[in-house]
Amino acid sequence: MKFKVDVAIVGGGPAGSSTALTAAKLGLNVLLIDRKAHIGVPVQCGEAVGKTGPSIAEIDIPKEAIRNPIRGFRIYSPSNITVDYAKPQPDGYIVDRRVFDKELFIKAAEAGAETLINTDIKELVFKDGKVSGLIGVNDNGRVEVESKIVIGADGVFSIIAKLAGLRKYAKLSDLDASVGYEMCNVEYDDPELMEFYMGRNIAPRGYVWIFPKGEKRANVGIGVGAQDGTRTALDYMKTFMKEHPIGREKLKNAKIVEYRVGAIPLGGPNEKNILDNLMLVGDAAGQVHPITGGGIGYALVCGSIAGKVAAEAIEAGDTSERMLLNYERRWREKYGEEFEKMLKLRELLEKAEDKTLDQLAEILNGQNIVDLTAGRKISILFSAVKKHNKELLNLLNGFRQLKLIQ
Amino acid sequence: MLIDRVKCGVCFGCAAVCPFDALRATDKEIIVNSDKCTNCGVCRKICPVGAITIEV
Ligand SMILES: Cc1cc2nc3c(=O)[nH]c(=O)nc-3n(C[C@H](O)[C@H](O)[C@H](O)COP(=O)(O)OP(=O)(O)OC[C@H]3O[C@@H](n4cnc5c(N)ncnc54)[C@H](O)[C@@H]3O)c2cc1C
Ligand code: SF4
Ligand code: SF4
């Protein structure tokens, strides 16, 4: 099979479909490729949208995919001190990623993008040292694609990023290992609050989440930092379900109806996401919140920026790196600083002992947490922090150095 | 490096961290290039389910 197009997109997840939708609407000749036979399956995600990064007003969420409105969250500190945040109105959703990804993919196709599923891309083609297309395989045999622009939207292990030389390999500290379940019969506190559980013994360098999907169904999972190889994310998850004083009760009647394994990229964006004739978007570009691990919203917004820049470049007849710099500039203007700050904030939080996190939970409110994880300044009454509490003061001073405290 | 195909959930974590470019993936499995693999063990540390064994 041979194709000749303006834009060839590798990956039909949120990033790829969003790029394809935008580019197709702007009249480009687009080919959207995925190696899956079923877009959106398997689900490797907490399925929370709108709470990290772009708000629900900024992104188009397929209505069919919405499972449950979310008004806020409850965080359980290591000693189960709770920090709550609840808005009167929903400001996020738990979605069904199977439906979500597939609907976005269909919308791109309906807008005019050609689709090629079941097709595994294996090689980037270079002509005179510049990207000129792709080679892949599917059940019809070899697939050759010639394109003016290639988009790498191929996820956490992006072969396009690798072949383009824009990412060699991830550091262990840049990934969280994750397992998760879809469950029914979960006794969550409030169907409109996402629950988070933190602590060194619970989920080192990460957290356990219970995200309500309505009718006692939930997306339940864990992310943990890379381990020495003795305990796995799965072990920690099982321990939580059996032993956590609060989690155990909520999950005691729960039944597992789906099991997922995942790797969450938390290392922040690649230094560079463009070459002549090539852009990276979504997880492939590292556009994921380094603390929450949320990436769907960023993938949608950055995808639409990439789609627009592709259209501008093709119209101008110039798809050079210099032209595509507009993509890199625009998305970094929106999120670059936030990602940088959050990487540093994550480092600080990872170093903090459980005791310090408990004390932090005592002095912060939900709004503070929303602001901190969005990179906005919070005000704290330092007098509320006992003078002799050096660790907490150190942590807060770290926040201050990141300009996160007024 | 050996992958227990029953345990493996194809999360791509191992492939993403391999410093020796020894791993490739389809959507159904991870493919090991034993010429490139040095048995360094880095990938084992990220595996969420303990599916990786390092041969000695
Ligand atoms: C366990 C876990 C929990 C998460 N929870 C949340 C959450 O609650 N909220 C949130 O916002 N984000 C969450 N994320 C992050 C979110 O899932 C990602 O940021 C998002 O999926 C990124 O979209 P993407 O389109 O860049 O990549 P993906 O969704 O990974 O899509 C990449 C696509 O590329 C295809 N592909 C890959 N290689 C090839 C190839 N060689 N040829 C053809 N096709 C290829 C794949 O089949 C796939 O369909 C979570 C991630 C994980 C792992
Ligand atoms: S053992 Fe080392 S070289 Fe071999 S696959 Fe794992 S990370 Fe790569
Ligand atoms: S890290 Fe483990 S579960 Fe994930 S793909 Fe590799 S072997 Fe499979």
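Residues numbered from 1 in each chain as written. Chains lettered and ligands numbered in written order. Predicted model: local features only at pLDDT ≥ 70, side-chain atom pairs only at ≥ 80, totals over all residues. Heavy atoms only, no water.

### Section: the overall build of chain B
- A tally of regular secondary structure across chain B gives two helices and four strands.
- Walking chain B from its N terminus toward its C terminus, one meets helices and strands in the order β-α-β-β-α-β.
- Radius of gyration (C-alpha) of chain B: 10 Å, near the 10 Å computed for a compact globule of 56 residues.
- The C-alpha extent of chain B, read off along each of the three principal axes, is 25 × 20 × 15 Å.
- A buried classification covers 43% of the 56 residues belonging to chain B.
- Taking the contacts inside chain B whose residues are at least 6 apart along the sequence as the reference set, 47% of them involve residues at least 24 apart. (Helix = DSSP H or I, 4+ residues; strand = E, 2+ residues; numbered from the N terminus. Rg over C-alpha atoms; globule rule 2.2 N^0.38 Å. Buried < 20%, exposed > 50% of the residue type's maximum accessible area, 1.4 Å probe, protein only. Contact = heavy atoms within 4.5 Å.)

### What about the overall build of chain A?
- Scanning chain A from N- to C-terminus turns up ten helices and 18 strands.
- Its C-alpha radius of gyration of 22 Å places chain A within 12% of the 22 Å reference for a compact globule of 406 residues.
- With respect to the principal axes defined by its C-alpha atoms, chain A has extents near 65 × 45 × 45 Å.
- In chain A, the share of contacts with a sequence separation of at least 24, taken over all contacts with a separation of at least 6, comes to 72%.
- A total of about 17400 Å² of accessible surface is found on chain A, and carbon and sulfur atoms cover 49% of it. (Areas by Shrake-Rupley, 256 points an atom, 1.4 Å probe, with all protein chains shown as cover.)

### Comments concerning the environment of A:Asn219
Residue and element names in this part refer to chain A.
- Residue placement: Asn-219 occurs in strand β15 (residues 217–225).
- For Asn-219, a relative accessible area of 0% translates into the label buried.
- For the pair Asn-219 and Gly-46, spaced 173 residues apart in sequence, the C-alpha separation works out to 6.2 Å.
- Leave out the neighbours within four places in its chain, and Asn-219 touches Cys-45, Gly-46, Glu-47, Tyr-181, Trp-209, Ile-210, Phe-211, Lys-213 and Arg-260.
- A polar side-chain atom of Asn-219 sits 2.9 Å from a polar atom in the side chain of Glu-47. (Polar contact = N/O pair within 3.5 Å; in protein donor to acceptor, adjacent residues only side chain to side chain.)

### Some points on the nonpolar core
Residues and elements named next belong to chain A.
- Membership of the largest hydrophobic core comes to 71 residues, with the highest contact counts inside it found for Leu-134, Ile-160, Ile-222, Met-237 and Leu-278.
- In terms of residues, this core owes the most to one element, helix α4 (residues 233–243), which gives six residues.
- A domain split of this core shows at least three residues from each of domain 1 (2–43 + 96–168 + 270–334) and domain 2 (48–53 + 66–94 + 171–266).
- Excluding its chain neighbours within four sequence positions, the residues that come into contact with Leu-134 are Ala-8, Val-10, Ile-33, Ile-121, Glu-123, Leu-124, Val-125, Val-143, Glu-144, Val-145, Val-150 and Ile-160. (Core = buried A, V, L, I, M, F, W, Y, C linked by side-chain atoms within 4.5 Å. Domains from an automatic or database assignment.)

### Overview of the domain arrangement of chain A
Residues and elements named next belong to chain A.
- By the assigned domains, chain A splits into domain 1 (2–43 + 96–168 + 270–334), domain 2 (48–53 + 66–94 + 171–266) and domain 3 (352–401).
- On a C-alpha basis, the centres of domain 1 and domain 2 stand 30 Å from each other.
- Contact with domain 1, which involves 16 residues of that partner, is made by 16 residues of domain 2.
- Here domain 1 meets domain 2 over a buried area of about 1200 Å², counting both sides, of which 58% is carbon and sulfur. (Buried area = accessible area lost by both parts, 1.4 Å probe.)

### Notes on the interface of chain A and chain B
- With 30 residues of chain A at the contact, the number on the chain B side is 24 residues.
- Together chain A and chain B conceal approximately 2100 Å² of surface at their shared face, both sides included; 65% is due to carbon and sulfur atoms.
- Ranking the residues of chain A by area buried against chain B places A:Arg35, A:Phe157 and A:Leu172 at the top, with a combined share of 27%.
- Along the contact surface separating chain A from chain B lie six residue pairs in polar contact (both at pLDDT 80 or more).
- Those elements giving two or more residues to the side of chain A that touches chain B turn out to be β9 (120–127), α3 (159–163), β12 (175–184), α4 and β16 (255–265) of chain A.
- No other element matches the five residues that β12(A) contributes to the side of chain A that touches chain B.
- When grouped by side-chain class, the residues that make up the side of chain A that touches chain B number 16 nonpolar, six polar and eight charged. (Nonpolar A, V, L, I, M, F, W, Y, C, P; charged D, E, K, R; others polar.)

### A closer look at the site of ligand 2
- Lining the immediate surroundings of ligand 2 are B:Cys18, B:Pro19, B:Phe20, B:Leu23, B:Cys37, B:Thr38, B:Asn39, B:Cys40, B:Gly41, B:Val42, B:Cys43 and B:Ile54.
- Classifying every residue of the shell around ligand 2 gives nine nonpolar, three polar and no charged. (Near = heavy atom within 4 Å.)

### What to know about the packing of aromatic side chains
All names here are of chain A.
- Following the criterion strictly, the structure yields 13 aromatic pairs over all chains and no others.
- Taking the centre distance of 5.0 Å and the plane angle of 65° together, the rings of Tyr-197 and Phe-240 count as edge-to-face. Separated by 43 residues along the polypeptide, Tyr-197 in strand β13 (residues 193–197) and Phe-240 in helix α4 bring together distant segments of the chain. Grouping residues by exposure puts Tyr-197 and Phe-240 together as buried.
- An aromatic cluster of three or more residues is present, and its members are Phe-73, Tyr-85, Phe-196, Tyr-207, Trp-209 and Phe-211.
- Directly above the ring of Tyr-236 sits Arg-231, whose terminal nitrogen or CZ lies 3.8 Å from the centroid. (Phe/Tyr/Trp six-rings, centres within 6.5 Å; stacked < 30°, edge-to-face > 60°. Lys NZ or Arg CZ within 6 Å of the ring centre and 35° of its normal.)

### Here's the deal with the pairing of strand β5 (residues 72–76) of chain A
All names here are of chain A.
- Of all the five residues making up β5, five are buried; the element is thus mostly covered by neighbouring parts of the structure.
- Neither face of β5 is exposed, since Gly-72, Arg-74 and Tyr-76 on one face and Phe-73 and Ile-75 on the opposite face are all buried.
- The hairpin formed by β5 and strand β6 (residues 82–86) contains five residues between the paired strands, and Asn-80 there has a positive phi angle of roughly 65°. (Pairing = 2+ DSSP bridges.)

### Quick notes on the side chain of A:Asp176
- Looking at the element boundaries, A:Asp176 is found in strand β12.
- A distance of 3.1 Å separates a polar atom in the side chain of A:Asp176 from a polar atom in the side chain of A:Arg205.
- With residues up to four places along the chain from it excluded, the contact list for A:Asp176 reads A:Arg205, A:Gly206, A:Gly223, A:Val224, A:Gly225, A:Gly262, A:Ala263, A:Ile264, A:Leu266 and B:Ile46.

### Let's talk about the site of ligand 3
- All residues adjacent to ligand 3 are B:Ile3, B:Cys8, B:Gly9, B:Val10, B:Cys11, B:Phe12, B:Cys14, B:Ile30, B:Cys47, B:Pro48, B:Val49 and B:Ile52.
- The residue makeup of the shell around ligand 3, split by class, is eleven nonpolar, one polar and no charged.

### As for the packing of helix α1 (residues 14–25) of chain A against helix α2 (residues 97–110) of chain A
Residues and elements named next belong to chain A.
- Between α1 and α2, the least distance of the axes is 8 Å, while the angle of their chain directions is 25°. One finds that α1 runs roughly parallel with respect to α2. Between α1 and α2 lies a crossing whose hand is left-handed. Along its contact with α1, which presents Pro-14, Ser-17, Ala-20, Leu-21 and Ala-24, the element α2 presents Arg-97, Phe-100, Asp-101, Leu-104, Phe-105, Lys-107 and Ala-108.
- When its residues are assigned to classes, the contact of α1 with α2 shows eight nonpolar, one polar and three charged. (Axes fitted to C-alpha atoms, helices over the stretch in contact; angles between N-to-C directions. Parallel < 35°, antiparallel > 145°, perpendicular 65-115°, else oblique. Left-handed = near helix turned anticlockwise from the far one by under 90°.)

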